[in-house]
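Summary of structural features
Listed below are the residues making up each chain.
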Amino acid sequence: MKIPFSYNIRNLWTRRLTTALTVTGIALVVFVFAAVLMLAQGVEDTMVATGSEDNVIILRKGSSGELLSAVSRDQIGIISTFPEIAVTNEGKTFGTSDVVTIINLRKKQTNDMGNIIVRGVSAGAITLRSQVTIKEGRWFKQGSTEIVIGNKIHDQFENVEIGQQIQIGSKLWTIVGVADAGKTGFASELWADAENIMQEFNRTTTFSSYTFKLKNIGDYETIKTKLETEQRLQDLEVKKEQQFYLEQSQGMAVFIKALGLVITIIFSFGAMIGAMITMYAAVANRTVEIGTLRALGFRRRSILTAFLIEALALSIVGGIIGLILASFMQFVSFSTTNFGTFSELAFGFSLSLDIIGWTLLFSLIMGVFGGFLPAVRASRMNIINALRAS
Amino acid sequence: MTPLVQVKNVSKVYKRDTLEIPVLQNISLDVPEGEFLALMGPSGSGKTTLLNLISGIDLPTSGSIVVAGTDIAKLNESALAKWRSHNIGFVFQFYNLMPVLTAYENVELPLLLTNLSKKEKKERIEMMLKVVGLSDRMDHYPRQLSGGQQQRVAIARAVVTDPTLLIGDEPTGDLDRKSAEEILTLLERLNKEFKKTIIMVTHDPHAAQSARTIQHLDKGELTKN
Ligand SMILES: Nc1ncnc2c1ncn2[C@@H]1O[C@H](COP(=O)(O)OP(=O)(O)OP(=O)(O)O)[C@@H](O)[C@H]1O
Ligand SMILES: [Mg+2]
């Protein structure tokens with residue numbers, strides 16, 4: 001590269017109005033691009049954070065989620081005897097048999113109904129899932145019709161204050177506490193005593209899932225093989241809890257990415273054409289300069305590079321601005337139905353290094369496509385004709 | 001002694017679609033080293049065309065052009081670009097400075113194609129700006145300079161690489177009397193003190209007086225005064 005970079009930068013500055021407009025166009029597209037990736041990442045992050053890395057979940061084979069799964073009391077009894085499972089201070093198995101169902105509640109902002117997961121848990125659940133703590137009020141008593149609601153449900157739904165009652169099955173259940181589950185899927189759930197919920201739905205022998213903690217993370221493959229070869233557990237499936245929740249987020253994440261990226265790619269044509277028009281105008285305005293540079297001995301390739309760099313400078317500045325705008329989206333969070341679980345999930349926009357990399361690459365690609373043809377035109381000019389343009 | 005520039009039987013025909021426009025026909029011209037040649041002639045007679053051929057930014061339809069031993073009509077495009085950067089200094093009628101670069105940076109431009117050290121470049125640029133009397137205007141942009149000053153920057157740019165040949169196409173054509181006079185004095189100095197060989201096209205008989213030799217180009221033929 002022989003032509004100095006400052007030549008390009010100052011030319012961009014000289015025509016700052018068109019530069020600003022072009023950069024704005026690119027920045028907006030980049031903003032949408034980054035926001036889409038951040039949203040998909042947000043769903044994944046929320047779901048993955050729901051699981052713990054040393055937890056293992058047992059479901060019925062082939063069930064896409066807990067709602068359609070069934071694990072019998074007898075099977076849980078067999079599983080809980082395995083020595084790889086951690087034990088509490090009181091000598092009990094470190095696990096929870098959960099039963100999951102769905103109810104409808106009304107949202108505060110839109111007045112729409114949302115599907116809420118009601119999770120009946122065993123006594124072990126609270127110590128097993130240390131990311132869930134009580135924020136207000138207290139935990140429900142076992143054998144009672146008391147419930148605790150997740151913090152996101154508390155934020156986003158109507159009539160869910162402590163002391164208020166919610167209809168689940170045939171009974172009214174009293175809210176006695178608000179749980180703080182941070183940014184996990186549990187924040188969008190209601191928790192109650194598993195046995196009581198089961199009675200309510202007449203399912204006395206089958207739970208939805210069984211989750212336990214490993215003594216040692218390294219034992220996962222061992223216990224997986226043991227469980228899968230056990231005759232009475234043939235209809236069950238063993239998964240790491242984080243893997244299970246990641247799978248629950250994939251449908252949603254892929255949908256957001258596919259829809260979002262199709263839209264941004266369409267927008268990006270607009271931005272690229274904008275950059276192209278700007279660069280063609282720049283080439284036309286600087287015809288004599290190009291002829292002069294060539295006469296002085298600069299090669300066609302130097303001219304090509306110079307104009308390409310100018311377009312790339314436009315696009316990278318647009319990319320950085322778009323990224324900065326998108327990073328503010330990290331403060332935004334909302335709640336919608338996760339297709340993976342058919343139930344409400346609150347999640348936000350989450351920025352990662354990968355997303356920063358992809359976004360900057362995306363803006364550079366727009367710069368290359370927008371700048372290439374004008375740069376080729378500049379480099380292919382005939383010296384004599386370019387000089388005669390004065 | 002062989003002349004620095006030998007133009008032999010050069011013809012140039014421009015083609016526009018099927019139309020052929022013969023501009024130069026069998027032109028021969030020798031320019032010895034140290035010459036200051038003024039090329040005159042009516043508009044459209046092919047003066048610019050001849051300069052373009054000698055400076056290697058255009059190729060003849062036939063004939064040969066040998067400058068300092070190199071037959072430039074035989075060089076390929078990229079070799080020719082390199083040859084120009086070493087051998088030709090251009091002074092244009094409308095100065096053709098880069099508007100976004102300062103006087104200093106404009107003079108630096110052709111040096112970017114050389115392997116000189118940073119220090120050498122700086123010394124040369126400052127020296128040339130001193131020769132053209134613009135040491136105090138180094139950081140000015142072209143728009144902050146008068147036409148005459150811009151042309152002096154352009155001359156500094158043309159000679160900073162110490163080229164074999166200085167080429168000027170109506171270098172005073174856009175200037176008022178006084179500025180033109182300054183430019184001509186400067187060219188004469190470059191020719192006398194710095195031994196620069198100069199070929200200059202001009203319409204102005206007064207300007208031509210500054211040169212050592214005057215040649216007329218008319219209807220594709222050269223005649224000496
Ligand atoms: N690239 C080109 N294509 C076609 N015709 C050209 C081209 N360049 C020059 N000509 C023609 O060649 C002829 C000579 O042009 P040239 O520019 O060399 O004349 P000139 O002597 O420099 O004239 P002036 O004094 O007006 O500058 C003109 O008739 C011009 O129209
Ligand atoms: Mg001319």
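Time to look at the overall build of chain A. Within chain A, the regular secondary structure consists of 12 helices and 14 strands. The C-alpha radius of gyration computed for chain A amounts to 29 Å, which surpasses the reference 21 Å derived for 390 residues by more than 25%, pointing to a less compact arrangement than a globule. If you line up chain A on its principal axes, its C-alpha atoms span 95 × 45 × 30 Å. Split into buried and exposed, the 390 residues of chain A put 52% on the buried side. In chain A, once contacts between residues fewer than 6 apart in sequence are set aside, the share between residues at least 24 apart is 80%. Put simply, chain A shows about 17,400 Å² of open surface, and 60% of that area lies on carbon and sulfur atoms.

Residue and element names in this part refer to chain A. The complete set of buried residues in helix α7 (residues 220-229) reads Tyr-220, Ile-223 and Leu-227. All buried residues of α7 project into a common sector of 75° when viewed along the axis, lining one side. Exposed residues on α7 whose side chains face more than 90 degrees from its buried face are Glu-221 and Thr-229.

With respect to spatial proximity, 15 residues lie near ligand 1, and among them A:Arg388, B:Ser43, B:Lys47, B:Thr48 and B:Thr49 are the closest. Its free accessible area being 630 Å², ligand 1 has 77% of it covered by the protein chains. Looking at the shell around ligand 1 element by element, the count peaks at 3 residues for helix α1 (residues 47-54) of chain B. Looking at the shell around ligand 1 residue by residue, the class counts come to 3 nonpolar, 8 polar and 4 charged.

Once that is clear, we can look at the packing of aromatic side chains. Residue and element names in this part refer to chain A. Applying the stated criterion across every chain, the model contains 8 aromatic pairs over all chains. Seen in terms of ring centroids, Phe-33 and Phe-362 are 4.0 Å apart; in terms of plane orientation they differ by 5°. Their pairing is stacked. With Phe-33 in helix α2 (residues 16-50) and Phe-362 in helix α11 (residues 353-380), the pair connects residues that are 329 residues apart, well separated along the chain. Here Phe-33 and Phe-362 have matching classes, each one buried. When the centroid spacing of 5.4 Å and the interplanar angle of 75° are considered together, the rings of Phe-186 and Trp-191 count as edge-to-face. Here the two residues Phe-186 and Trp-191 agree in accessibility, since each one is buried. Put simply, the rings of Trp-139, Phe-140, Phe-186, Trp-191, Phe-244 and Tyr-245 touch in pairs and so form one group of aromatic residues. The ring of Trp-13 has Arg-16 lying over it, and the distance from NZ or CZ to the ring centre is 4.6 Å. Sitting above the plane of the Phe-94 ring, Lys-213 keeps its charged end 5.9 Å from the centroid.

Attention now goes to the nonpolar core. Residue and element names in this part refer to chain A. The biggest cluster of nonpolar side chains holds 43 residues, and the ones touching the most others in it are Val-132, Trp-139, Phe-140, Trp-191, Ile-256 and Met-366. Those elements that provide at least two residues to this core are α2, β1 (55-60), β8 (171-180), α8 (241-285), α10 (300-327), β14 (343-348) and α11. Of the residues forming this core, the biggest block, 13 residues, is contributed by α2. If you count residues domain by domain, this core takes at least three from each of domain 1 (5-48 + 248-388) and domain 2 (55-215). Excluding its chain neighbours within four sequence positions, the residues that come into contact with Ile-256 are Val-36, Leu-39, Ala-40, Val-43 and Leu-261.

Residues A:Lys2, A:Arg299, A:Arg301 and B:Lys82 make up a contiguous surface patch of positive charge. The class of A:Lys2 is partly exposed, set by a relative accessible area of 42%.

With that out of the way, let us pick up the sheet that holds strand β6 (residues 88-91) of chain B. Residues and elements named next belong to chain B. Pairing is mixed in the open sheet, where 6 strands are placed in the order β6-β7-β8-β3-β9-β10. Edge positions in the open sheet fall to β6 and β10 (221-224), since each of these has one partner strand only. Adjacent strand axes in the sheet meet at a mean angle of 20°, parallel and antiparallel pairs treated alike. Along the sheet, α1 makes contact with β3 (36-40), β6, β7 (165-169), β8 (197-201) and β9 (213-218), crossing β7 at roughly 155°. Lying on the sheet, helix α2 (residues 77-87) is in contact with β6 and β7; it crosses β6 at an angle near 75°.

Turning to the pairing of strand β3 (residues 95-106) of chain A, a few remarks are in order. Residues and elements named next belong to chain A. Most of β3 sits out of view: 9 of its 12 residues are buried. With 4 bridges connecting them, β3 and strand β11 (residues 209-213) associate as antiparallel partners. Across the sheet, Gly-95 pairs through a bridge with Phe-212, a residue of β11. As paired strands, β3 and strand β4 (residues 113-121) are joined by 8 bridges and run antiparallel to one another. Paired with Val-99 across the bridge in β4 is Gly-120. Where β3 folds back onto β4 in an antiparallel hairpin, the turn is made up of 6 residues, including Asn-111, whose phi is positive at roughly 65°.

Next up on the list: the interface of chain B and chain A. Taken together, the contacts link 24 residues of chain B with 21 residues of chain A. With both chains or domains summed, chain B and chain A bury close to 2,100 Å², and 65% of this area falls on carbon and sulfur atoms. The largest per-residue losses of area from chain B upon contact with chain A belong to B:Met98, B:Val100 and B:Leu113, which jointly make up 26% of the total buried on that side. Counting the contacts that link chain B with chain A gives 2 salt bridges. One salt bridge connects B:Glu105 with A:Arg10, and the closest N-O pair in it is separated by 2.6 Å. Seen at the junction of chain B and chain A, the total is 6 residue pairs in polar contact (both at pLDDT 80 or more).

The end-to-end C-alpha distance of α11(A) is 39 Å, a good match for the 40 Å that 28 residues give at a rise of 1.5 Å each. Its axis deflected by about 40° at A:Phe372, α11(A) carries its strongest bend there, up to four residues before the proline A:Pro374.

This brings us to the domain arrangement of chain A. All names here are of chain A. One can read the domain layout of chain A as domain 1 (5-48 + 248-388) and domain 2 (55-215). In this structure, domain 1 and domain 2 have C-alpha centres spaced 46 Å apart. Contacts between the two partners involve 12 residues from domain 1, matched on the other side by 16 residues from domain 2. Overall, the association of domain 1 and domain 2 removes approximately 1,000 Å² of surface from exposure, summing both partners, and the carbon and sulfur fraction of that is 47%. Between Glu-344 and Lys-107 there is a salt bridge, and its shortest N-O distance comes to 2.9 Å. Linking domain 1 to domain 2 there are 4 residue pairs in polar contact (both at pLDDT 80 or more). Contributions of two or more residues to the side of domain 1 that touches domain 2 are made by β13 (333-338) and β14. Among the residues forming the side of domain 1 that touches domain 2, the class breakdown is 4 nonpolar, 7 polar and 1 charged.

Cut-offs and rules
Residues numbered from 1 in each chain as written. Chains lettered and ligands numbered in written order. Predicted model: local features only at pLDDT ≥ 70, side-chain atom pairs only at ≥ 80, totals over all residues. Heavy atoms only, no water. Helix = DSSP H or I, 4+ residues; strand = E, 2+ residues; numbered from the N terminus. Rg over C-alpha atoms; globule rule 2.2 N^0.38 Å. Buried < 20%, exposed > 50% of the residue type's maximum accessible area, 1.4 Å probe, protein only. Contact = heavy atoms within 4.5 Å. Areas by Shrake-Rupley, 256 points an atom, 1.4 Å probe, with all protein chains shown as cover. Arc of directions from axis to C-beta. Near = heavy atom within 4 Å. Nonpolar A, V, L, I, M, F, W, Y, C, P; charged D, E, K, R; others polar. Phe/Tyr/Trp six-rings, centres within 6.5 Å; stacked < 30°, edge-to-face > 60°. Lys NZ or Arg CZ within 6 Å of the ring centre and 35° of its normal. Core = buried A, V, L, I, M, F, W, Y, C linked by side-chain atoms within 4.5 Å. Domains from an automatic or database assignment. Patch = residues over 30% accessible without salt bridge, like charges linked within 9 Å, V, L, I, M, F, W, Y side chains within 5 Å. Salt bridge = Lys/Arg side-chain N within 4 Å of Asp/Glu carboxyl O. Lys, Arg positive; Asp, Glu negative; His and termini not counted. Charge placed at Lys NZ, Arg CZ, Asp CG, Glu CD. Pairing = 2+ DSSP bridges. Axes fitted to C-alpha atoms, helices over the stretch in contact; angles between N-to-C directions. Buried area = accessible area lost by both parts, 1.4 Å probe. Polar contact = N/O pair within 3.5 Å; in protein donor to acceptor, adjacent residues only side chain to side chain. Expected span 1.5 Å × (residues − 1). Bend = angle between axes of the 7 residues up to and from the residue.

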